[in-house]
Amino acid sequence: MDEREWLTEQFEEHRSRLRSVAYRMLGSVSEAEDAVQDAWLRLSRADTGDVANMGAWLTTVVARVCLNTLRSRERRREDPLDVHVPDPIISPESGADPEHQAVLADSVGLALLVVLETLSPAERLAFVLHDMFAVPFEEIAPMIERSPAAARQLASRARRRVQGQAPAPDPDLTRQRDVVNAFFAAARDGDFQALVAVLDPEVVLRSDGGVTRARQSVVITGAQSVAGQALTFSRLSPFARPVLINGAAGVVVAVHGRPLSVMAFTVTGGKIASIEVLSDPERLHQLDLTALDD
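Scope of this entry: the structure provided in the associated data block. (Residues numbered from 1 in each chain as written. Predicted model: local features only at pLDDT ≥ 70, side-chain atom pairs only at ≥ 80, totals over all residues. Heavy atoms only, no water.)

Quick look at the overall build of the chain
Looking only at helices and strands, the chain has twelve helices and seven strands in total. Expected size for 294 residues packed as a compact globule is a radius of gyration near 19 Å; at 20 Å, the chain falls within 12% of this value. Split into buried and exposed, the 294 residues of the chain put 49% on the buried side. Long-range pairs, those at least 24 residues apart, make up 66% of the contacts in the chain with a sequence separation of at least 6. (Helix = DSSP H or I, 4+ residues; strand = E, 2+ residues; numbered from the N terminus. Rg over C-alpha atoms; globule rule 2.2 N^0.38 Å. Buried < 20%, exposed > 50% of the residue type's maximum accessible area, 1.4 Å probe, protein only. Contact = heavy atoms within 4.5 Å.)

Right under this line is the structure:
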């Protein structure tokens, strides 16, 4: 085996982990793939003779690429209050395929990714690498040009925000689906009280309509307000197709095969704690919706 073949084999061995790191860092499937590809190009050009741990080396490379992407985003962002729902990973309700499952190991819901979007690039890197991939702070610190103690503080600050704004979903998928079904049944029947009953009092609905449907980009909080909003799209309830979104119960609303929205639900304690809605036509067109054919 020549050196190129050996490098290729090493890279493929770590590809799934690298994609997982990049997706959590960026919340974008295409940008995550670009980051992983960038890592391969850097590997193919680097002198790796002194690399003792190829997995750690590649993780560092991908993390640095993602950090640069996040910093570039931050400089471009004109309105930090824009609603942005990260790219959902959609799987058939029968279960995620192996490729998706690898990216979603230890489940990362859209609600969590939305909160990660509010972190600074350094906070996000410290939290993702340490809390999700057990990278020591001693290895994280040089990436963000901080001390290990400072990196630890960044991760701790991010952790508090995540715990406060992105509650962990119920582990029972059947229970999740029952609650989501109850939500759509109540919306279809126009039953306001039944809608309120399945919503957490502090529920948050985030909707991202993109440029085309800018008026649909809103954040609505509270069970009464979210229930009222749900009644306005009750006519679409019959077109909701059950799928898994980032490993949790969700739906794709499609009419005559054309997706109108993707809705992800975080069900906690038997109540819906958050709803993330993506209705941006441009981004919907780019999604892998093969789950609808299942």
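Thoughts on the packing of aromatic side chains
Going through the model one piece at a time under the given rule, you end up with four aromatic pairs. Measuring from centroid to centroid gives 5.5 Å for F183 and F265, while their planes differ by 65°, and the two rings are edge-to-face. One end of the pair, F183, is in helix α9 (residues 173-189); the other, F265, is in strand β6 (residues 258-268), with 82 residues separating them in the sequence. Taking relative accessible area as the criterion, F183 reaches 0% and is therefore assigned buried. (Phe/Tyr/Trp six-rings, centres within 6.5 Å; stacked < 30°, edge-to-face > 60°.)

Observations concerning unusual backbone geometry
A positive phi angle, close to 55°, is found at A134, a residue other than glycine. Its place among the elements puts A134 in the loop between α6 (121-133) and α7 (137-144). Positive phi, close to 55°, is recorded for N246, a residue that is not glycine. The topology assignment puts N246 in the loop between β4 (240-245) and β5 (248-255).

What to know about a positive patch on the surface
Residues R71, R75, R76 and R146 make up a contiguous surface patch of positive charge. One can find R146 in the loop between α7 and α8 (148-165). (Patch = residues over 30% accessible without salt bridge, like charges linked within 9 Å, V, L, I, M, F, W, Y side chains within 5 Å. Areas by Shrake-Rupley, 256 points an atom, 1.4 Å probe, with all protein chains shown as cover. Salt bridge = Lys/Arg side-chain N within 4 Å of Asp/Glu carboxyl O. Lys, Arg positive; Asp, Glu negative; His and termini not counted. Charge placed at Lys NZ, Arg CZ, Asp CG, Glu CD.)

A look at the sheet that holds strand β2 (residues 199-208)
Within the open sheet, the seven strands sit side by side as β1-β4-β5-β6-β7-β2-β3. Their pairing is mixed. A strand with exactly one partner marks an edge of an open sheet, and here the two such strands are β1 (90-91) and β3 (218-221). Across the sheet, helix α5 (residues 110-117) touches β2, β4, β6 and β7 (271-278), and the angle it forms with β7 is around 70°. Against the sheet, α9 contacts β2, β4, β5, β6 and β7, and its axis sits at roughly 40° relative to β5. (Pairing = 2+ DSSP bridges. Axes fitted to C-alpha atoms, helices over the stretch in contact; angles between N-to-C directions.)

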